[in-house]
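Chain by chain, the residues run as shown.
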Amino acid sequence: MARQLGRQEEEVAIAHDAAGRPRLDLPGGTGLHLSLATRTGVVAVGLARQPLGVDVEQVDERATPPFALLHPVEREVLAAADAAQRCSLFARLWAAKEAYVKALGTGFRRAPESFAISLLSETAFRVTDASIPAESTGTLRIMRNGGHEIMAAAIVVAGQAAAISPPDRSASS
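Fair warning: this is a prediction, and the values are worked out from it, not measured in the lab. (Residues numbered from 1 in each chain as written. Predicted model: local features only at pLDDT ≥ 70, side-chain atom pairs only at ≥ 80, totals over all residues. Heavy atoms only, no water.)

Asker: So what exactly am I meant to see when it comes to the overall build of the chain here?
Answerer: Each helix and strand counted, the chain has three helices and nine strands in total. Listing the helices and strands of the chain from first to last along the sequence gives α-β-β-β-β-β-α-α-β-β-β-β. On C-alpha atoms alone, the chain measures out to a radius of gyration of 16 Å, which is about the 16 Å that the 2.2 N^0.38 rule sets for 173 residues. Taken over the C-alpha atoms alone, the chain extends approximately 50 × 40 × 25 Å along its principal axes. (Helix = DSSP H or I, 4+ residues; strand = E, 2+ residues; numbered from the N terminus. Rg over C-alpha atoms; globule rule 2.2 N^0.38 Å.)

Here's what the structure looks like:
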């Protein structure tokens with residue numbers, strides 16, 4: 001984060017608002033919004049001038065997708081999918097759903113079945129939400145964590161298209 005902002009590490013601080021959402025505390029007055037996600041050693045960080053959300057999910061080949069938590073359109077897509085692809089498809093849908101509610105600032109206080117994610121391609125999705133007039137789109141990425149676990153990552157910048165940059169391999173762990 002410090003490198004992205006052109007600052008020293010001690011000049012950057014992340015805090016949380018009353019709802020637990022991360023925010024850039026230092027430097028102040030940047031007008032930047034922050035979103036963070038972690039899962040099995042992968043960390044995603046999003047920084048934008050508009051509210052945004054990022055999420056990372058592990059593709060679990062043994063799990064049964066929780067159909068009851070999905071919008072009816074998403075349930076149909078999952079049910080019609082080839083069994084071998086269903087877990088990957090669910091991880092992509094869920095990463096997109098979680099990124100979206102983070103961008104809204106509600107988290108899953110907002111029912112996940114109340115809006116629909118449409119996968120437009122391997123890397124893009126659209127959110128259909130009757131309660132929000134502006135369309136949101138986002139970007140997806142499938143990656144391997146350490147060469148073994150398959151991960152799905154998503155980012156949404158409220159009201160506009162978003163992109164996921166490749167991981168910065170120069171950063172130290």
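Asker: Hey, could you run me through the side chain of Ser 88 in this one?
Answerer: Checked against the element boundaries, Ser 88 lands in helix H3 (residues 83–104). If near-sequence neighbours (up to four positions away) are discounted, Ser 88 is found in contact with Val 59 and Ile 142. (Contact = heavy atoms within 4.5 Å.)

Asker: Got a minute to help me understand the sheet that holds strand E7 (residues 124–128) in this structure?
Answerer: Strand pairing in a sheet relies on backbone hydrogen bonds. The paired strands run either parallel or antiparallel. The strand order E5-E9-E8-E7-E6 describes an open sheet built from five strands, whose pairing is antiparallel. Both outer strands of the open sheet, strand E5 (52–58) and strand E6 (116–119), are each paired with one neighbouring strand and no more. Here the average twist between neighbouring strands, direction ignored, is 25°. Two elements, E5 and strand E9 (residues 149–157), share seven bridges in a ladder whose sense is antiparallel. Of the residues in E9, the one forming a bridge with Gly 53 is Val 156. (Pairing = 2+ DSSP bridges. Axes fitted to C-alpha atoms, helices over the stretch in contact; angles between N-to-C directions.)

Asker: Explanation requested: the pattern of salt bridges in the structure shown.
Answerer: If charged atoms from side chains of opposite charge come close, those side chains can pair. Considering all chains together, one arrives at six salt bridges under this definition. Between Arg 62 and Asp 60 there is a salt bridge, with its nearest N and O atoms 3.4 Å apart. Note that Lys 97 is salt-bridged to Glu 74, the shortest N-O span being 2.9 Å. With Lys 97 in helix H3 and Glu 74 in helix H2 (residues 72–80), this pair connects stretches of sequence that are 23 residues apart. Like Glu 74, Lys 97 is buried. (Salt bridge = Lys/Arg side-chain N within 4 Å of Asp/Glu carboxyl O. Buried < 20%, exposed > 50% of the residue type's maximum accessible area, 1.4 Å probe, protein only.)

Asker: Could you clarify how one ought to interpret the pairing of strand E3 (residues 33–39) in this entry?
Answerer: Residues in a regular strand point their side chains to alternate faces of the sheet. Relative to strand E4 (residues 42–48), E3 runs antiparallel, the two sharing seven bridges. Paired with Leu 36 across the bridge in E4 is Val 45. Where E3 folds back on E4, the antiparallel hairpin that results is connected by two residues, among which Thr 40 adopts a positive phi of roughly 40°.

Distances and angles like these do not, on their own, reveal function.
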